[in-house]
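# Notes for the structure review
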Amino acid sequence: MTVYGNFPGSRPRRLRTTPAMRRMVAETRLDPANLILPAFVREGVTAPVAISAMPGVQQHTLDTLRKAAVDAVSAGVSGIMLFGVPTDEKKDARGTAGTDPDGILQVGLRAVREEVGDDLVIMSDLCLDEYTDHGHCGVLTADGRVDNDATLERYAEMAQVQADAGAHVVGPSGMMDGQVGVIRDALDQTGHEDVSILAYTVKYSSAFYGPFREAVGSSLKGDRKTYQQDPANARESLRELALDLDEGADMVMVKPAGPYLDILAKVADSVDVPVAAYQISGEYATIEAAAEKGWIDRDAAIMESLTGIRRAGAQMILTYWATEVAERLRRS
């Protein structure tokens, strides 16, 4: 064999030689504590309802929601984000089921808080879209536009009832201007100073939300492009970030996660508050569908996708695989 001096002088492959070596020098680590489980609770059902576009995910009854929360605690998951799915007859133009103390989300919050107490960070989706008959995230004007300021009044009411029901954290996801500040004031004025706000700071209008519409029984016609962000834009994400922090956000989030890792990295590099990312329904469904076809290794793809989100700067990841992955991590 011909030897060319000391070529190659550097051999990075030395640090990849064995699983133990690769584990030792890994720069990014996933831990169960990084994970948050999104969960759906549906009104008026006596058995969980499978979501066809999200294999393995279901709309829970109160009993199965309680079990999912207990399982998440046992696996070491940090939090659960609850979404309510009301019956169609409960939907109206103002989304009043979303502020009814006996609405399905509030009932679900109380059930989970009763079951696990403070062992799990209980988060609530603060948005009107599940509860409106038009499917938008806010109150509409006579000509069909989302009325930003009228919607903020409804968000203030939602924050109070969700906190009363036991939420440790509220997650305003509607992308209304000023929502964080209004919600912070509403919480503080009603004795909920300790309830945190996880701001959906960066929420893009995305094709990857498709399966979620089934999951929450959405009534949406049209799209949400007038209030969710344009996928073509990056700088406005930092503007949204500055506004949410100024208004009192305790934590910030980027949604979706996978298609926007560049945005996630920019946000993570810019703040000194915890950063979350939401691996959304379409990201989940894409991997599950490809794995079902035998085109990819399901488990490896799940772990790679989550590691990429973590590497980009997310301290918390909302993922439908949270409990499964946390159990796998604890066994490894």
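First, a word on what this report is: a plain description of the structure on this page.

### Overview of the overall build of the chain
- Within the chain, the regular secondary structure consists of eleven helices and ten strands.
- Against the compact-globule benchmark of 20 Å for 332 residues, the chain has a radius of gyration of 21 Å, which places it among compact chains.
- Along the longest, intermediate and shortest principal axes, the C-alpha atoms of the chain span 80 × 45 × 40 Å.
- For the chain, long-range pairs separated by at least 24 residues make up 75% of all intrachain contacts whose partners lie at least 6 apart in sequence.
- Carbon and sulfur atoms provide 49% of the accessible area of the chain, an area that totals close to 15400 Å².
- When the 34 basic and 49 acidic side-chain charges of the chain are each reduced to a single mean position, those positions are 10 Å apart.

### Quick notes on the pattern of salt bridges
- For the coordinates displayed, the defined rule picks out 16 salt bridges.
- Put simply, arginine 298 and glutamate 288 hold a salt bridge, and the shortest N to O gap is 3.0 Å. With arginine 298 in helix H10 (residues 298-311) and glutamate 288 in helix H9 (residues 281-292), the pair connects residues that are ten residues apart, well separated along the chain.
- On the basis of relative accessible area, arginine 298 is assigned to the partly exposed category, the value being 25%.
- Linking glutamate 324 and arginine 328 is a salt bridge whose minimum nitrogen-to-oxygen distance equals 2.6 Å. Of this pair, glutamate 324 and arginine 328 both sit in helix H11 (residues 322-331), four residues apart, which is roughly one turn of the helix.

### Topic: the pairing of strand E8 (residues 251-255)
- Judged by how many residues are buried, E8 sits mostly within the fold: five of five residues are covered.
- Side chains Met251, Met253 and Lys255 project from E8 onto one buried face, and the interleaved Val252 and Val254 project onto a second face that is buried too.
- Alignment of strand E7 (residues 196-203) against E8, held across four bridges, turns out to be parallel. Of the residues in E8, the one forming a bridge with leucine 198 is methionine 251.
- Sheet topology places E8 next to strand E9 (residues 275-278); three bridges connect them, and they run parallel. Within E9, the residue paired with methionine 253 across the bridge is alanine 276.
- Taken together, E8, helix H8 (residues 261-270) and E9 constitute a β-α-β crossover, and its handedness is right-handed.

The rules we used
- Residues numbered from 1 in each chain as written.
- Predicted model: local features only at pLDDT ≥ 70, side-chain atom pairs only at ≥ 80, totals over all residues.
- Heavy atoms only, no water.
- Helix = DSSP H or I, 4+ residues; strand = E, 2+ residues; numbered from the N terminus.
- Rg over C-alpha atoms; globule rule 2.2 N^0.38 Å.
- Contact = heavy atoms within 4.5 Å.
- Areas by Shrake-Rupley, 256 points an atom, 1.4 Å probe, with all protein chains shown as cover.
- Lys, Arg positive; Asp, Glu negative; His and termini not counted.
- Charge placed at Lys NZ, Arg CZ, Asp CG, Glu CD.
- Salt bridge = Lys/Arg side-chain N within 4 Å of Asp/Glu carboxyl O.
- Buried < 20%, exposed > 50% of the residue type's maximum accessible area, 1.4 Å probe, protein only.
- Pairing = 2+ DSSP bridges.
- Right-handed = clockwise from strand over helix to strand, strands pointing away.

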